[in-house]
Amino acid sequence: MFETFLKWVIFRAVLGLLPLAFSAFRMWAEHRSVTLEALFSRGELLLVACALSAGGIGELMASSAKQPILRLLLGGGSVVCLMFGALTYSHVSAQFSSSVPYDQSFVAVVSCFVYAFSLAFAAGCVILAEIGKKKL
Amino acid sequence: MTETAIIVALVVLGIWAVVALAASIVAYRRFARAEASGSLSAGGAITRREQIEQLAKAVAKASEAVESLRVEQERLERLEREAMRRGGLEPAKA
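*Asks:* Kindly report on the overall build of chain A, identifying the contributing residues and their values.
*Replies:* Tallying secondary structure elements over chain A gives six helices and zero strands in all. Taken from N to C terminus, the helices and strands of chain A fall in the order α-α-α-α-α-α. The dimensions of chain A, computed from C-alpha atoms along their principal axes, are 55 × 30 × 15 Å. Sorting the 136 residues of chain A into buried and exposed places 41% on the buried side. Partitioning the contacts of chain A with sequence separation of at least 6, the portion at a separation of at least 24 is 80%. For chain A, the accessible area works out to roughly 7200 Å², and carbon and sulfur atoms hold 72% of it. Here chain A holds 10 positive side-chain charges and 7 negative ones, and the gap between their average locations is 12 Å.

*Asks:* An account of the interface of chain B and chain A is needed here, citing residue identities and associated values.
*Replies:* If you look at the interface, chain B gives 23 residues, while chain A gives 25 residues. Overall, the association of chain B and chain A removes approximately 2000 Å² of surface from exposure, summing both partners, and the carbon and sulfur fraction of that is 84%. For the chain B face of the interface with chain A, the top three residues by lost area are Leu10, Leu13 and Trp16 of chain B, together amounting to 27%. Viewed at the interface, chain A and chain B are joined by zero salt bridges. Where chain B touches chain A, the interface holds one residue pair in polar contact (both at pLDDT 80 or more). For the side of chain B that touches chain A, the elements supplying multiple residues, two or more each, are α1 (2–36) and β2 (44–45) of chain B.

*Asks:* Which residues make up the environment of Leu60 of chain A, and what are the values?
*Replies:* Residue and element names in this part refer to chain A. Mapping Leu60 onto the fold places it in helix α4 (residues 44–62). Leu60 sits 32 residues away from Trp28 along the chain, and the two C-alpha atoms are 39 Å apart. Sequence-distant contacts of Leu60, defined by excluding residues within four places in its chain, comprise Arg71, Leu74, Gly75, Cys125 and Leu128.

*Asks:* So, the side chain of Ser78 of chain A: which residues are in play, and what are the values?
*Replies:* Residues and elements named next belong to chain A. Examined against the element boundaries, Ser78 turns out to sit in helix α5 (residues 68–97). We classify Ser78 as buried; its relative accessible area is 0%. Leaving out residues up to four positions away in the same chain, Ser78 has contacts with Ser53, Ile57, Phe121, Ala122 and Cys125.

*Asks:* Can you lay out helix α2 (residues 18–29) of chain A for me, pointing to particular residues and giving the numbers?
*Replies:* Residue and element names in this part refer to chain A. Its 12 residues give α2 an end-to-end C-alpha distance of 16 Å, which sits within 8% of 16 Å, the value for a rise of 1.5 Å per residue. When we look at burial in α2, the residues that qualify are Leu20, Ala24 and Met27. One side of α2 holds all its buried residues, which, seen down the axis, span an arc of 60°. Counted as exposed and oriented over 90 degrees from the buried face of α2: Pro19 and Phe22.

*Asks:* Any details on the confidence of the model for chain B? Residues and values, ideally.
*Replies:* Residue-level pLDDT values for chain B average 83, and 83% of them are 70 or greater. Reported for the predicted complex are a pTM of 0.71 and an ipTM of 0.78.

*Asks:* Talk me through the layout of surface pockets; I want residue IDs and the actual numbers.
*Replies:* Over the atoms a probe the size of a water molecule is rolled, and this reveals where empty space is left. The computed volume of the second largest pocket comes to approximately 310 Å³. Residue lining of the second largest pocket: 14 residues in total, with His91, Phe106 and Val107 of chain A together with Thr2 and Ile6 of chain B positioned closest to the centre. At six residues, α5 of chain A tops the list of elements feeding residues into the lining of the second largest pocket.

*Asks:* Break down the nonpolar core for me, citing the residues and quoting the values.
*Replies:* If you look at the biggest cluster of nonpolar residues, it comprises 40 residues, and the most contacted ones within it are Leu74, Val114, Tyr115, Phe117 and Phe121 of chain A. Looking at this core, the elements that each hand over two or more residues are α1 (2–14), α2, α3 (36–40), α4, α5 and α6 (104–135) of chain A together with α1 of chain B. A total of 15 residues in this core trace back to one element, the largest contributor, which is α6 of chain A. When residues no more than four places from it in sequence are discounted, the contact partners of Leu74 of chain A are Leu60, Phe121, Gly124, Cys125 and Leu128 of chain A together with Ala20 and Ser24 of chain B.

*Asks:* Please set out unusual backbone geometry residue by residue, giving values where relevant.
*Replies:* Note: most residues except glycine have negative phi, and most peptide bonds are trans. Residues and elements named next belong to chain A. With phi around 60°, His31 is a residue other than glycine that occupies positive phi space. Here His31 lies in the loop between α2 and α3. Even without being a glycine, Ser99 presents a positive backbone phi close to 55°. Here Ser99 lies in the loop between α5 and α6.

Cut-offs and rules
- Residues numbered from 1 in each chain as written.
- Chains lettered and ligands numbered in written order.
- Predicted model: local features only at pLDDT ≥ 70, side-chain atom pairs only at ≥ 80, totals over all residues.
- Heavy atoms only, no water.
- Helix = DSSP H or I, 4+ residues; strand = E, 2+ residues; numbered from the N terminus.
- Buried < 20%, exposed > 50% of the residue type's maximum accessible area, 1.4 Å probe, protein only.
- Contact = heavy atoms within 4.5 Å.
- Areas by Shrake-Rupley, 256 points an atom, 1.4 Å probe, with all protein chains shown as cover.
- Lys, Arg positive; Asp, Glu negative; His and termini not counted.
- Charge placed at Lys NZ, Arg CZ, Asp CG, Glu CD.
- Buried area = accessible area lost by both parts, 1.4 Å probe.
- Salt bridge = Lys/Arg side-chain N within 4 Å of Asp/Glu carboxyl O.
- Polar contact = N/O pair within 3.5 Å; in protein donor to acceptor, adjacent residues only side chain to side chain.
- Expected span 1.5 Å × (residues − 1).
- Arc of directions from axis to C-beta.
- pLDDT = per-residue confidence, 0-100.
- 1 Å grid on protein atoms, 1.4 Å probe; cavity = no way out; pocket = protein on both sides within 12 Å on 5 of 7 lines; lining within 4 Å.
- Points joined across faces, edges and corners; volume = space filled by probe spheres on them.
- Core = buried A, V, L, I, M, F, W, Y, C linked by side-chain atoms within 4.5 Å.

What follows is the structure in structure tokens.
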């Protein structure tokens, strides 16, 4: 269980953030200020959150876990996060491409929250899927 | 207005996420405890109630076996007595 969870944390949750980490590193190397606004204002973190949520849904669908309420809670939450992230990203990218001014710091904060919630739901999905695998 | 709606949605989603994650951790802890105590069968974790039911079934089977042995013993004793009577012998004393 711990091994699976660690694998998920390293290869899904942490490595998914690597492009953003490199972006932050580049900003730091160019002596620009590394802020949440500068990093996440275009909604890149929302894409990572969507990928995490989709992975969690996949884990849950493929599992044979028998707790129906927990499955609904986690699967439903992941779907909501996925939809919320996708809709917000499409909105932000449309505004960015059409050069319409928008509140960048608000988008950055929302992105962080959506990522955190996606992480929580996906972690729950992985835990439940692992219980289902072990019960087989 | 839109920002307020998004904040409300985020708050709801946050509560939901915390509850769901906590519930899954609790489920895992229960599962790990059941696994550690060795009460996992091939079909999955069994509850205390299921354990008691299985024990009751085993006891019922054992008492059935004892009862059938008693009936068989009585039948053999009857046959022995009949054989003795026919042969004109006294039945052996216990």
